[in-house]
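# Observations on the three-dimensional arrangement
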Amino acid sequence: MPKRVSPLPLIIAHRGASGLMPENTAWAVAAAILLGADMVEVDARLTGDGQLVIFHDRTVGRTAWFPPHSGRKRKGTKPVRVADLTLAEIRTLDAGSWYDRDFAGLRIPTVTEILTLCAGRIALNLEVKVDREATLATRKQIVAQLDRALHVQPRMGTSNSANDEWLELFNN
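Structural notes, computed from the coordinates. (Residues numbered from 1 in each chain as written. Predicted model: local features only at pLDDT ≥ 70, side-chain atom pairs only at ≥ 80, totals over all residues. Heavy atoms only, no water.)

## A few points about the layout of surface pockets
The following threshold applies: A 1.4 Å probe that fits but cannot get out identifies a cavity on a 1 Å grid over protein atoms alone, an open set with protein on both sides within 12 Å along at least five of seven lines counts as a pocket, and a residue lines either if it has an atom within 4 Å of a point. Grid points are joined across faces, edges and corners, and a volume is the space filled by probe spheres set on the points. Elements are defined by DSSP. Helices are runs of H or I of four residues or more, strands are runs of E of two residues or more, and each kind is numbered from the N terminus. In this classification, Asp, Glu, Lys and Arg are treated as charged, Ala, Val, Leu, Ile, Met, Phe, Trp, Tyr, Cys and Pro as nonpolar, and every other residue, Gly included, as polar.
Taken as a whole, the largest pocket holds about 250 Å³ of empty space. Lining the largest pocket are 19 residues, and of these Leu 46, Ala 83, Asp 131, Ala 134 and Thr 138 sit closest to its centre. Contributing elements (two or more residues each) for the lining of the largest pocket: strand S2 (39–46) and helix H4 (136–152). Broken down by element, the residue count for the lining of the largest pocket peaks at 3 residues, all from H4. In terms of residue class, the lining of the largest pocket is made up of 6 nonpolar, 6 polar and 7 charged.

This is the structure we're talking about:
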């Protein structure tokens, strides 16, 4: 059967409306919806306590900072991996100040929060980022987490990955 192709190009908001808002935040996704994008693409990573959050980079620092009262320095310290932080710790990060001080205090959303925001409003391309050293158990944990999240908002999520082993997990 031939693929159905739209006569018009799709407008896909990469990491949300990341030219107008801090990338991969609920605000960026909401802006993409308000601007009429056909689809939004965001990235997800697994936290140390097994929660899927919307975040692109392997480490925090470029787009999320520890608040001043946390006792952690923003610059000059060893990068902290998302996989080494709990969801509670991720929730303390400032995901907006790097972009502009007007966005100070924006938080990193979970996959479920973004699925809920997108439901019935916009198509979602969810790119799950997996570290090369992730075990099969970790990959299965991600699939289970996505399965639970999609049961909250069925038929909303799309996941893409170039890794055949990863894709095979979805078929089992």
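So much for the structure itself; the text now carries on.
## Brief notes about empty space enclosed by the protein
To find leftover empty space, one rolls a probe the size of a water molecule over the atoms. All told, the structure shown has 1 cavity of 30 Å³ or more when counted by the stated rule. Counted as a void, the largest cavity has a volume near 40 Å³. Taken together, Glu 23, Asn 24, Thr 25, Ile 54, Phe 55, His 56, Thr 63, Ala 95 and Ile 108 make up the full set of residues lining the largest cavity. Its residues assigned to classes, the lining of the largest cavity shows 4 nonpolar, 4 polar and 1 charged.

## Quick word on the packing of aromatic side chains
Note the threshold: A pair of Phe, Tyr and Trp rings is counted when the ring centres sit within 6.5 Å of each other, with Trp represented by its six-membered ring. The angle between the planes then sorts it: under 30 degrees is stacked, over 60 is edge-to-face, the rest tilted. Each residue is assigned to one of three classes by its accessible area relative to the maximum for its type, calculated with a 1.4 Å probe on protein chains only: buried under 20%, partly exposed between the two thresholds, exposed over 50%.
This structure, assessed with the given rule, holds 3 aromatic pairs. A ring pair is formed by Trp 27 and Phe 103, whose centres lie 5.9 Å apart and whose planes are at 85°; its orientation type is edge-to-face. Residue Trp 27 is located in helix H1 (residues 26–34), and its partner Phe 103 is located in the loop between helix H2 (87–92) and helix H3 (111–118); the two are separated by 76 residues in the primary sequence. With relative accessibility at 13%, the residue Phe 103 sits in the buried group.

## Here's the deal with the environment of Leu 46
Stated formally: By definition, residues are in contact when any of their heavy atoms lie within 4.5 Å.
Tracing the backbone through its elements, the reader meets Leu 46 in strand S2. Residue class for Leu 46 comes out buried when judged on its relative accessible area of 11%. Spatially, the C-alpha atom of Leu 46 lies 9.3 Å from that of Thr 86, the residues being 40 residues apart in sequence. The residues contacting Leu 46, other than those within four sequence positions of it, are Gln 51, Leu 52, Val 82, Ala 83, Thr 138, Gln 141 and Ile 142.

## Observations regarding the environment of Ala 37
Within the element layout of this structure, Ala 37 appears in the loop between H1 and S2. We classify Ala 37 as buried; its relative accessible area is 15%. Sequence-distant contacts of Ala 37, defined by excluding residues within four places in its chain, comprise Ile 11, Ala 13, Ala 32 and Ile 122.

Treat this as a map of the structure, not an account of what it does.
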